[in-house]
Every structure is written in structure tokens, then in C-alpha cells.
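# Inside the fold
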Amino acid sequence: TTGLSEVPTKESELLDGVAVSGEGNSTTLTFRAKEGVSLGGFVVAYDGDNTIIYVRRKLVLTEGAYPLLGMVVVVDPGHGGDDDGAAGVARDDGPKEREINLAAAKAVSQYLRGLGASVLLTRTDDTRVEMEDRQEIIRHPDVDLVISLHANSIESYLDGTGPSGTETYY
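Now for a description of the structure that goes with this document. (Residues numbered from 1 in each chain as written. Predicted model: local features only at pLDDT ≥ 70, side-chain atom pairs only at ≥ 80, totals over all residues. Heavy atoms only, no water.)

Before going further, it helps to examine the side chain of Glu 97. Take Glu 97: it is sitting in helix H1 (residues 97–114). In this structure, Glu 97 is buried with no salt-bridge partner, the nearest side chain bearing the opposite charge being Arg 123 at 8.2 Å. Within the local environment of Glu 97, its side chain forms a polar contact with the backbone nitrogen of Ala 86, the two atoms lying 2.6 Å apart. Engagement of the side chain of Glu 97 in a polar contact is seen with the backbone nitrogen of Ala 151, the distance being 2.9 Å. Those residues within four positions of Glu 97 in sequence are excluded, and the remaining contacts are His 79, Asp 84, Gly 85, Ala 86, His 150, Ala 151 and Asn 152. (Helix = DSSP H or I, 4+ residues; strand = E, 2+ residues; numbered from the N terminus. Buried < 20%, exposed > 50% of the residue type's maximum accessible area, 1.4 Å probe, protein only. Lys, Arg positive; Asp, Glu negative; His and termini not counted. Salt bridge = Lys/Arg side-chain N within 4 Å of Asp/Glu carboxyl O. Polar contact = N/O pair within 3.5 Å; in protein donor to acceptor, adjacent residues only side chain to side chain. Contact = heavy atoms within 4.5 Å.)

Here you go:
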């Protein structure tokens, strides 16, 4: 960002202030946490010409049966509706990626709820959710963690030299 000289911290429970420094096209923001507060990240949102920075408290796992208590997790089963996703080896005779992703998302969300997390799914049935709608859910300031599930497929190679295995993105 350029042209920024100060960042107001409207009645922040987490911050004592924000120091702004830099020159030219480079600006550095340094967040000063209140005493006893550990910061764990931030989310940037835009509202017209305004830039809004949501600062997060560091997540801490709790002791006991519910270590994710207080955490908000979004589980995003990829694809859905008329967007089948990747075709597996069985092609039209097998399950669609959108179906596999939804089944896995429901299982993951149940597991996370059992650990105390509040879980939001970007879809709960076989409907298409547009990317803008997924992003609106994912970028909400209350969200602590996002898990996006995909069951990708790759072209098979007869000589075994092509790519294979699982893709992981974080």
C-alpha cells in the first residue's frame, strides 16, 4: 500500500496501536499488541476505497476433551451441482469428485465438531456454490481455519513415468 501515514485502531481489544513506516512504494505496518495479548495473524478486506485490517488473537488449543473449543473452521467441499470436478478411473460409472468431496467434508466437519470447533460448510448438499460466495464465507473475520477438500484425478500413463500420488495445498 502507498500513501498510508497512520492506521486507526477503533477501540481494539487486541492492539495498542499500529506503527507505519516505509518509503516509496513500500509500506510496513507493525502491530503493537496490548499487554498479555499474543497476535496470530490478520485478514485484509476492502470496502469501497477503504482497507480494513482484522487482527486475530493467536489460537490456543485448550486442554481436555475439546481442544478446538472457540475455533471457527470452514470446510469447503470442492465443486458441486453441475460442476462434477475430476473424473476417476471409472469415469461416468464411478462417483463424481463433487460427491466424494461432500461426503469427506461431512465426515471432517463431524470430527471437528467433536473436538469443540464451530464448523461452517460452504455447501451441505449437491449444489454449485460460486467462487465469490465461497470466498465470502472463507474470508469472514471470525474464521480461524479453512480446509478445502478436493479429490483430484490425473491422467494415467502406461509406462508409469507420469505424475502420481496426492496433491496437498496449504
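On to the packing of aromatic side chains. The full count for this structure, using the stated rule, is one aromatic pair. The interplanar angle of 40° and the centroid separation of 6.0 Å between the aromatic rings of Phe 31 and Phe 42 together place this pair among those described as tilted. Within this pair, whereas Phe 31 is found in strand E2 (residues 26–33), its partner Phe 42 is found in strand E3 (residues 39–47), the two being separated by eleven residues in sequence. (Phe/Tyr/Trp six-rings, centres within 6.5 Å; stacked < 30°, edge-to-face > 60°.)

Reading across the sheet, the three strands line up as E6-E5-E7 and stay open at both edges, with parallel pairing between neighbours. The open sheet has two edge strands, strand E6 (118–121) and strand E7 (145–149), and neither has a second partner. Averaged over all adjacent pairs, the angle separating strand axes in this sheet is 20°, with direction ignored. Taken together, the five bridges between strand E5 (residues 72–77) and E7 define a ladder with parallel strand orientation. Directly across from Val 73, in E7, lies its bridge partner Leu 145. Along the sheet, helix H2 (residues 131–138) contacts E5 and E7; its crossing angle with E5, the most-contacted strand, is approximately 160°. (Pairing = 2+ DSSP bridges. Axes fitted to C-alpha atoms, helices over the stretch in contact; angles between N-to-C directions.)

Looking now at the environment of Leu 15. With respect to the helices and strands, Leu 15 occurs in strand E1 (residues 15–23). Taking the C-alpha atoms as reference points, Leu 15 and Arg 57, separated by 42 residues in sequence, lie 9.9 Å from one another. Among all residues touching Leu 15, those that are not within four sequence positions of it are Thr 9, Phe 31, Arg 32, Ala 33, Lys 34, Leu 39 and Val 55.

Moving on, we get to the nonpolar core. Formed by Leu 68, Met 71, Val 73, Val 75, Ala 105, Leu 112, Ala 117, Val 119, Leu 121 and Leu 149, the largest nonpolar core amounts to ten residues. Ignoring anything within four residues of it in the chain, the contact list for Val 119 reads Val 73, Val 75, Ser 109, Leu 112 and Arg 113. Counting residues in hydrophobic clusters, the runner-up holds five residues, among them Leu 14, Leu 15, Val 18 and Val 37. (Core = buried A, V, L, I, M, F, W, Y, C linked by side-chain atoms within 4.5 Å.)

Given a rise of 1.5 Å per residue, 18 residues ought to cover 26 Å, and the 26 Å separating the end C-alpha atoms of H1 matches this to within 8%. Buried within H1 we find Glu 97, Arg 98, Asn 101, Leu 102, Ala 105, Ser 109 and Leu 112. Taken down its axis, H1 places every buried residue within 125° of arc, on the same side. With respect to the buried face of H1, the exposed residues turned more than 90 degrees away are Gln 110 and Tyr 111. Its buried side turned inward, H1 meets E5, E6 and E7. One or two positions beyond H1, positive phi appears at Gly 116, with a value near 105°. (Expected span 1.5 Å × (residues − 1). Arc of directions from axis to C-beta.)

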